[in-house]
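# Observations on the model geometry
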Amino acid sequence: MDKNRFDVIVLGGGPAGLTAGIYLSRSKAKTLILDTGMPGGQMVLTYQIANYPGVENISGYQLSSVMKKQAENFGCVIKSNIKLTTLQLEGKQKKAELENGDVFSAPAIILATGGRSRMLNVPGENEFKGRGISYCATCDGDFFQDKEIIVVGGGNSALEEAVALTKYARKVTILHEFDHFQAFEHAVEEAKANKKIDYIMEAHITGFYGDENLRNIKYRSLKTGEISQKAIDGAFIFIGYEANTKVLQSGSVKLNQWNEIVTDENMQTNIEGIFAAGDCRAKRYRQITTAVSDGTVAALNALNFIQK
Ligand SMILES: Cc1cc2nc3c(=O)[nH]c(=O)nc-3n(C[C@H](O)[C@H](O)[C@H](O)COP(=O)(O)OP(=O)(O)OC[C@H]3O[C@@H](n4cnc5c(N)ncnc54)[C@H](O)[C@@H]3O)c2cc1C
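Parameters at a glance
- Residues numbered from 1 in each chain as written.
- Predicted model: local features only at pLDDT ≥ 70, side-chain atom pairs only at ≥ 80, totals over all residues.
- Heavy atoms only, no water.
- Disulfide = S-S within 2.5 Å.
- Buried < 20%, exposed > 50% of the residue type's maximum accessible area, 1.4 Å probe, protein only.
- Salt bridge = Lys/Arg side-chain N within 4 Å of Asp/Glu carboxyl O.
- Helix = DSSP H or I, 4+ residues; strand = E, 2+ residues; numbered from the N terminus.
- Pairing = 2+ DSSP bridges.
- Axes fitted to C-alpha atoms, helices over the stretch in contact; angles between N-to-C directions.

### Details of the state of the cysteines
Counted by the stated rule, this structure contains 1 disulfide. One disulfide in the model links C136 with C139; its S-S distance is 2.0 Å. Residues C136 and C139 are joined through a disulfide that is right-handed, its torsion about the S-S bond being 70 degrees. Classification of C136 as buried rests on a relative accessible area of 17%. With relative accessibility at 28%, the residue C139 sits in the partly exposed group. Looking at C76, it has no disulfide partner, and the nearest cysteine sulfur is the one in C280, 17 Å off.

### Some words on the pattern of salt bridges
Two side chains that carry opposite charge are able to pair once their charged atoms sit near each other. Counting across every chain of the model gives 13 salt bridges. One salt bridge in this structure joins D294 and K283, with 2.9 Å as the shortest N-O distance. Note that D294 is positioned in helix α7 (residues 288–307) and K283 in the loop between β18 (274–276) and α7, a separation of 11 residues in sequence. Here D294 matches K283 in class, with each residue buried. Salt bridges sharing partners connect three or more residues here, namely E148, R170, K171, D198 and K230.

### As for the sheet that holds strand β4 (residues 84–88)
Pairing within the open sheet is antiparallel, and its 3 strands lie in the order β4-β5-β6. Of all strands in the sheet, those with a lone pairing partner are β4 and β6 (103–106), marking the two edges. With strand direction ignored, the average angle separating the axes of adjacent strands in the sheet is 15 degrees. With 4 bridges joining them, strand β5 (residues 94–98) and β6 adopt antiparallel strand pairing. For A96, the partnering residue across the bridge sits in β6 and is F104.

Just geometry here; none of it tells us what the structure is for.
This is how it looks when you write it as structure tokens:
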């Protein structure tokens with residue numbers, strides 16, 4: 001039998017892809033996970049995970065290693081740091097071709113390529129990521145009990161998450177580049193009614209500073225050009241999200257206006273045999289638990305599809 005022929009190929013080895021790999025391999029489906037980076041996905045960037053049920057506290061790296069090992073122990077083949085050159089999603093045998101010339105085929109593909117929060121790309125942002133700078137209030141809000149934090153952004157996520165963060169923080173300052181918000185009126189009203197929330201409008205952050213942890217930000221007024229400094233314990237950045245779907249953007253998989261993959265509740269896309277799971281999908285909540293859930297549903301439906 002052709003060693004490059006699989007029952008299911010999973011693109012992406014984050015929690016969604018690894019979960020799909022565990023379910024598929026355990027059901028004896030010949031499964032290949034291809035990842036352009038390290039298996040574990042965004043979990044690898046996460047210093048501490050405190051909301052994954054059954055494990056009170058675990059580093060993202062550790063949780064990734066356990067999930068990977070679990071998939072491999074069931075026989076799942078995982079290839080990391082691959083360079084994908086062609087993806088053929090139509091027809092009975094779908095194909096993934098790599099830069100080194102390898103061509104893998106399978107009747108079903110699960111797209112689990114995840115995504116990433118947009119960054120400000122200013123000095124100090126990379127350095128203090130996970131040490132005061134966060135892109136997820138649900139994940140990290142709890143670490144900022146009674147602290148003073150800043151929320152960057154002016155859309156629905158920024159305002160809703162700023163309100164949610166007042167459950168923990170002593171004070172939340174929203175810093176936004178315009179003189180008005182782009183959020184729905186009810187989100188703006190809710191934020192304005194909250195006494196713990198303050199505002200810095202028409203400003204851009206120019207840098208993040210600190211020692212072991214983030215301590216200060218500098219920002220520039222867009223009206224006067226003046227640079228100011230503010231002492232803070234944390235910064236949450238909500239300036240948008242990008243699904244990793246570039247590889248699909250010129251193809252026939254249906255994407256929404258934000259280039260997220262559209263699926264039904266069975267994780268089925270508009271193309272037969274092509275499923276999607278996790279953060280690359282059009283959905284509201286992006287967490288490890290939701291990615292794991294999507295991965296399970298996609299795997300079970302892919303199994304059903306190949307058995308037919
Ligand atoms: C800093 C940070 C902290 C977080 N903390 C928490 C937390 O505490 N709790 C929680 O529940 N959630 C947390 N999250 C969110 C959680 O990590 C994500 O929701 C989850 O990892 C999404 O899983 P996924 O498998 O869909 O995608 P990802 O984790 O994004 O994995 C996608 C994988 O696909 C690979 N890939 C990308 N493009 C391709 C391609 N074309 N071909 C093949 N492979 C590709 C990537 O290399 C990556 O490994 C955090 C996120 C971040 C960034």
